[in-house]
Amino acid sequence: MTKRIFLIRHGETLSNKSDPARGLTPKGISQVENAAKRIRKFVTPKTAILCGNTNRTIQTARLLSNSLNIPILKHKPLLQIKGFSEFSQNKTNPIQSFINLSKSEMLPTGTETIIQILNRFEKGVSPRLKEHDCLIVVGHGGMLDIVIRFHHWFKNIYHKNWLKYSQFKCTTIKSVR
(Lines give C-alpha, C1' and ligand atoms only; values in the text may rest on other atoms or scores of the structure.)
Protein backbone atom coordinates (compact mmCIF):
# COMPACT_ATOMS: atom_id res chain seq x y z
CA MET A 1 0.00 0.00 0.00
CA THR A 2 1.23 3.49 -0.85
CA LYS A 3 1.87 5.85 2.06
CA ARG A 4 2.31 9.61 1.99
CA ILE A 5 4.62 11.64 4.24
CA PHE A 6 4.55 15.40 4.59
CA LEU A 7 7.45 17.13 6.33
CA ILE A 8 6.49 20.64 7.41
CA ARG A 9 8.55 23.20 9.25
CA HIS A 10 6.81 25.01 12.13
CA GLY A 11 5.36 28.47 11.49
CA GLU A 12 7.30 31.69 11.98
CA THR A 13 8.37 32.41 15.55
CA LEU A 14 9.63 35.39 17.46
CA SER A 15 13.22 36.10 16.53
CA ASN A 16 14.51 35.60 20.08
CA LYS A 17 16.31 32.29 19.58
CA SER A 18 17.44 32.30 23.21
CA ASP A 19 13.85 31.54 24.24
CA PRO A 20 13.19 27.85 23.52
CA ALA A 21 9.53 28.26 24.56
CA ARG A 22 8.84 30.94 21.96
CA GLY A 23 5.57 30.60 20.14
CA LEU A 24 4.26 31.41 16.70
CA THR A 25 3.76 34.97 15.57
CA PRO A 26 0.45 36.03 13.97
CA LYS A 27 2.23 35.66 10.62
CA GLY A 28 3.31 32.14 11.65
CA ILE A 29 -0.28 31.22 12.45
CA SER A 30 -1.38 32.49 9.03
CA GLN A 31 1.42 30.50 7.35
CA VAL A 32 0.25 27.28 9.01
CA GLU A 33 -3.37 27.95 8.06
CA ASN A 34 -2.31 28.43 4.42
CA ALA A 35 -0.26 25.22 4.48
CA ALA A 36 -3.29 23.35 5.84
CA LYS A 37 -5.35 24.52 2.85
CA ARG A 38 -2.74 23.11 0.46
CA ILE A 39 -2.46 19.81 2.34
CA ARG A 40 -6.23 19.29 2.80
CA LYS A 41 -6.75 17.47 -0.51
CA PHE A 42 -4.35 14.73 0.58
CA VAL A 43 -5.95 14.06 3.96
CA THR A 44 -7.59 10.66 4.40
CA PRO A 45 -9.41 9.16 7.39
CA LYS A 46 -6.08 7.49 8.25
CA THR A 47 -4.04 10.70 8.42
CA ALA A 48 -2.27 11.79 11.60
CA ILE A 49 0.24 14.37 12.75
CA LEU A 50 3.54 13.66 14.46
CA CYS A 51 5.29 16.67 15.93
CA GLY A 52 8.31 17.64 17.92
CA ASN A 53 8.08 18.54 21.59
CA THR A 54 8.81 22.26 21.39
CA ASN A 55 6.12 24.90 21.82
CA ARG A 56 6.38 26.06 18.20
CA THR A 57 5.99 22.58 16.70
CA ILE A 58 3.13 21.75 19.06
CA GLN A 59 1.36 25.02 18.16
CA THR A 60 1.83 24.26 14.46
CA ALA A 61 0.51 20.72 14.90
CA ARG A 62 -2.55 21.95 16.82
CA LEU A 63 -3.40 24.46 14.11
CA LEU A 64 -3.08 21.74 11.45
CA SER A 65 -5.09 19.30 13.55
CA ASN A 66 -7.93 21.78 14.10
CA SER A 67 -8.00 22.87 10.46
CA LEU A 68 -7.80 19.36 8.99
CA ASN A 69 -9.73 17.56 11.75
CA ILE A 70 -7.01 14.93 12.26
CA PRO A 71 -5.34 13.62 15.42
CA ILE A 72 -1.93 14.52 16.79
CA LEU A 73 0.14 11.58 17.89
CA LYS A 74 2.43 11.88 20.92
CA HIS A 75 4.89 14.73 20.87
CA LYS A 76 8.30 13.21 20.18
CA PRO A 77 11.70 14.80 20.69
CA LEU A 78 12.83 13.13 17.46
CA LEU A 79 12.40 16.16 15.24
CA GLN A 80 15.41 18.23 16.28
CA ILE A 81 19.12 17.60 15.79
CA LYS A 82 20.91 16.98 19.08
CA GLY A 83 23.72 19.52 19.40
CA PHE A 84 22.60 21.62 16.42
CA SER A 85 22.44 24.90 18.36
CA GLU A 86 26.20 25.36 17.88
CA PHE A 87 25.64 25.63 14.14
CA SER A 88 23.05 28.40 14.39
CA GLN A 89 26.00 30.77 14.90
CA ASN A 90 26.59 30.48 11.14
CA LYS A 91 23.61 32.57 10.06
CA THR A 92 24.46 32.24 6.37
CA ASN A 93 24.01 28.49 6.15
CA PRO A 94 24.05 26.57 9.45
CA ILE A 95 22.84 23.33 7.87
CA GLN A 96 25.68 23.33 5.32
CA SER A 97 28.19 23.87 8.14
CA PHE A 98 26.66 20.88 9.93
CA ILE A 99 26.75 18.71 6.80
CA ASN A 100 30.37 19.61 6.04
CA LEU A 101 31.53 18.83 9.58
CA SER A 102 29.46 15.64 9.68
CA LYS A 103 30.99 14.38 6.44
CA SER A 104 34.49 15.16 7.70
CA GLU A 105 33.70 13.45 11.04
CA MET A 106 34.60 16.66 12.88
CA LEU A 107 31.32 17.25 14.74
CA PRO A 108 31.50 18.56 18.30
CA THR A 109 31.09 15.93 21.02
CA GLY A 110 27.44 15.10 21.64
CA THR A 111 26.24 16.20 18.20
CA GLU A 112 24.41 13.58 16.16
CA THR A 113 25.75 12.44 12.81
CA ILE A 114 23.61 12.41 9.68
CA ILE A 115 23.25 8.62 9.93
CA GLN A 116 22.11 8.85 13.58
CA ILE A 117 19.54 11.50 12.63
CA LEU A 118 18.15 9.42 9.77
CA ASN A 119 17.98 6.26 11.88
CA ARG A 120 16.19 8.08 14.71
CA PHE A 121 13.76 9.66 12.26
CA GLU A 122 12.92 6.36 10.58
CA LYS A 123 12.60 4.55 13.91
CA GLY A 124 10.11 7.18 15.06
CA VAL A 125 8.11 7.42 11.83
CA SER A 126 8.00 3.83 10.50
CA PRO A 127 5.72 2.34 13.17
CA ARG A 128 3.23 5.18 12.69
CA LEU A 129 3.19 4.66 8.92
CA LYS A 130 2.07 1.09 9.50
CA GLU A 131 -1.10 2.47 11.14
CA HIS A 132 -1.69 5.53 8.91
CA ASP A 133 -1.94 6.16 5.16
CA CYS A 134 -0.71 9.72 5.50
CA LEU A 135 1.57 11.22 8.14
CA ILE A 136 2.22 14.93 8.58
CA VAL A 137 5.50 15.42 10.43
CA VAL A 138 5.99 18.86 12.01
CA GLY A 139 9.56 19.68 12.93
CA HIS A 140 12.46 22.10 12.79
CA GLY A 141 14.25 23.32 9.67
CA GLY A 142 17.62 21.66 10.25
CA MET A 143 16.24 18.22 11.04
CA LEU A 144 13.78 18.24 8.16
CA ASP A 145 16.46 19.50 5.78
CA ILE A 146 18.72 16.56 6.65
CA VAL A 147 15.86 14.08 6.20
CA ILE A 148 14.86 15.54 2.81
CA ARG A 149 18.43 15.63 1.54
CA PHE A 150 19.61 12.24 2.78
CA HIS A 151 16.74 9.86 3.64
CA HIS A 152 15.93 7.28 0.96
CA TRP A 153 12.19 8.05 1.20
CA PHE A 154 12.89 11.52 -0.20
CA LYS A 155 15.54 10.62 -2.79
CA ASN A 156 13.41 11.83 -5.73
CA ILE A 157 12.27 15.08 -4.11
CA TYR A 158 13.95 18.26 -5.34
CA HIS A 159 15.31 20.22 -2.43
CA LYS A 160 17.84 22.99 -2.62
CA ASN A 161 17.39 25.31 0.33
CA TRP A 162 16.38 25.18 3.98
CA LEU A 163 12.59 24.93 4.39
CA LYS A 164 10.94 28.29 5.03
CA TYR A 165 8.41 28.62 7.85
CA SER A 166 5.40 26.34 7.20
CA GLN A 167 6.88 25.15 3.91
CA PHE A 168 6.49 21.44 3.33
CA LYS A 169 7.76 18.61 1.16
CA CYS A 170 5.84 15.46 0.40
CA THR A 171 6.80 12.00 -0.75
CA THR A 172 5.02 8.71 -1.32
CA ILE A 173 6.49 5.35 -0.41
CA LYS A 174 5.34 1.86 -1.25
CA SER A 175 6.57 -0.08 1.76
CA VAL A 176 7.62 0.50 5.35
CA ARG A 177 10.30 -1.51 7.09
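Residues numbered from 1 in each chain as written. Predicted model: local features only at pLDDT ≥ 70, side-chain atom pairs only at ≥ 80, totals over all residues. Heavy atoms only, no water.

Details of the packing of aromatic side chains
Going through the model one piece at a time under the given rule, you end up with three aromatic pairs. Considering the side-chain rings of Phe6 and Phe168, the 5.6 Å spacing of their centres and the 70° angle between planes classify their relative orientation as edge-to-face. Remark: Phe168 occurs in strand β4 (residues 168-173) and Phe6 occurs in strand β1 (residues 3-9); sequence separation between them is 162 residues. Note on accessibility: Phe6 and Phe168 belong to one class, buried. Both rings, one in Phe121 and one in Trp153, keep their centres 6.1 Å apart while their planes meet at 65°; by these two values the pair is edge-to-face. You can see Phe121 sitting in helix α4 (residues 114-131) and its partner Trp153 sitting in the loop between α5 (141-150) and β4, a full 32 residues away along the chain. Each member of the aromatic cluster is reached from another via a ring pair, and the members are Phe6, Phe42 and Phe168. (Phe/Tyr/Trp six-rings, centres within 6.5 Å; stacked < 30°, edge-to-face > 60°. Helix = DSSP H or I, 4+ residues; strand = E, 2+ residues; numbered from the N terminus. Buried < 20%, exposed > 50% of the residue type's maximum accessible area, 1.4 Å probe, protein only.)

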